[in-house]
Amino acid sequence: MEIKVLEKTDVNARLLIQGVDVSYVNALRRVITSEVPCMAIDDVVILENSSIIQDETIAHRLGLVPLKTDLDSYNLPEDCQCKSEFGCNLCRVTLTLDAQAKEGTRSVYSGELISENKDVVPVSDKIPIAKLAKEQELRLEAYARLGKGKNHAKWQPVSMCSYKYYPKITVSSKRCDACGKCVEICPRKVLTKAENKIDVRDVMACTICQDCVQACPQVPKAMEVGWEERAFIFGLESTGVLSPERTIMEAVKILDRQLKEFESKVKVKKSEES
Ligand code: SF4
Ligand code: SF4
Ligand SMILES: [Zn+2]
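Remember, it's a predicted structure, so these values are computed and weren't measured experimentally.

(A) Layout of the overall build of the chain. Per the secondary structure count, the chain includes five helices and 12 strands. Against the 2.2 N^0.38 benchmark of 19 Å for 274 residues, the chain shows a C-alpha radius of gyration of 26 Å, more extended than a compact globule. With the principal axes as the frame, the chain shows a C-alpha extent of 80 × 70 × 25 Å. A fraction of 71% describes how many contacts in the chain between residues 6 or more apart in sequence connect residues 24 or more apart. Surface accessibility of the chain: about 16000 Å² in total, with carbon and sulfur atoms responsible for 50%. Between the centroid of the 40 positive side chains of the chain and the centroid of its 41 negative side chains there is a distance of 6 Å.

Printed below as a string of structure tokens:
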């Protein structure tokens, strides 16, 4: 397998993965969305809520606030040695909120949550939680835990994760008369006319929609659009809880562990049969 980083920012990554089949990249995508753990608020104790928003709605909103995750310092609750429903310092982070509207109506934002761990805080300070009228108050304690996207979408470390086949565009120099119809129709501006021939300007922008092939007046067609069998463009957008690199590395580790476990179970089954 060969991997080339096409683009990387703090929240986005786009990779060219070659030498694997579709089942591998799809497994990687599924592990990222459902198995890579991250932190989210899971329990809330409302101490005072005189706003017009119900306690359940506030708890739901708090659960959806993405929290920066420190995967190295915390255990998944099911793997933690405390085996306690309430958790311990190794599997739980407490955040508190104490907001009052003394002057007049105001909004309460995620930035007002105070975490006991400075590394586990909301990704954004500007997520609205409630609105308070004058003299209303919201006081609560929230408990965040590591969890997995397969149990609740609030534990998904990505807002998008997808792949597509690497496009393959061929233009026959014998049949093409450089009429330019394919260039005009392409919605992604993949093709360009250079003197008397058609060039592929940006193959990765191609969505394999086939519009250009249909627009070609030649019989048989002067161009073909297909895809490489073992090459994929893989993209993900993090919610900000984990970096894209860490998310991918964790997914590869988990997938590797799951495959080893599968292999050992197949071996046991085989030895039982023989
Ligand atoms: S298949 Fe669609 S996106 Fe790709 S080059 Fe043709 S028209 Fe453009
Ligand atoms: S539409 Fe067909 S003939 Fe015209 S430029 Fe494109 S490939 Fe060539
Ligand atoms: Zn614990």
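(B) Structural detail: the pattern of salt bridges. Inspection of the entire model under this criterion finds 17 salt bridges. Across the salt bridge formed by glutamate 250 and lysine 253, the nearest N and O atoms sit 3.2 Å from each other. Residue glutamate 250 and its partner lysine 253 are both found in helix 5 (residues 244-273); the two are separated by three residues, about one turn of the helix. Residue class for glutamate 250 comes out buried when judged on its relative accessible area of 11%. Via salt bridges that share partners, Asp42, Asp43, Arg145 and Lys154 belong to a single interconnected network.

(C) Representation of the site of ligand 2. Inspection of the region around ligand 2 gives Cys176, Asp177, Ala178, Cys179, Gly180, Lys181, Cys182, Ile198, Cys216, Pro217, Gln218 and Ala222 as its neighbouring residues. Partitioned by chemical class, the residues of the shell around ligand 2 number eight nonpolar, two polar and two charged.

(D) Seen up close, the site of ligand 1. Contacts to ligand 1 come from Cys186, Pro187, Val190, Cys206, Thr207, Ile208, Cys209, Gln210, Asp211, Cys212 and Val225. Within the shell around ligand 1, the residues separate by chemical class into eight nonpolar, two polar and one charged.

(E) Expanded view of the packing of helix 1 (residues 22-34) against helix 5. Packing of helix 1 against helix 5 leaves a shortest axis separation of 9 Å and a crossing angle of 110 degrees. As judged from the angle between their axes, helix 1 and helix 5 are roughly perpendicular. As helix 1 runs across helix 5, the sense of the crossing is right-handed. Taking contact as the criterion, the partners of Tyr24, Ala27, Leu28, Val31 and Ile32 in helix 1 are, on helix 5, Thr247, Ile248, Ala251, Val252, Ile254, Leu255 and Gln258. The residue inventory of the contact of helix 1 with helix 5, partitioned by class, reads 10 nonpolar, two polar and no charged.

Conventions we followed
Residues numbered from 1 in each chain as written. Chains lettered and ligands numbered in written order. Predicted model: local features only at pLDDT ≥ 70, side-chain atom pairs only at ≥ 80, totals over all residues. Heavy atoms only, no water. Helix = DSSP H or I, 4+ residues; strand = E, 2+ residues; numbered from the N terminus. Rg over C-alpha atoms; globule rule 2.2 N^0.38 Å. Contact = heavy atoms within 4.5 Å. Areas by Shrake-Rupley, 256 points an atom, 1.4 Å probe, with all protein chains shown as cover. Lys, Arg positive; Asp, Glu negative; His and termini not counted. Charge placed at Lys NZ, Arg CZ, Asp CG, Glu CD. Salt bridge = Lys/Arg side-chain N within 4 Å of Asp/Glu carboxyl O. Buried < 20%, exposed > 50% of the residue type's maximum accessible area, 1.4 Å probe, protein only. Near = heavy atom within 4 Å. Nonpolar A, V, L, I, M, F, W, Y, C, P; charged D, E, K, R; others polar. Axes fitted to C-alpha atoms, helices over the stretch in contact; angles between N-to-C directions. Parallel < 35°, antiparallel > 145°, perpendicular 65-115°, else oblique. Left-handed = near helix turned anticlockwise from the far one by under 90°.

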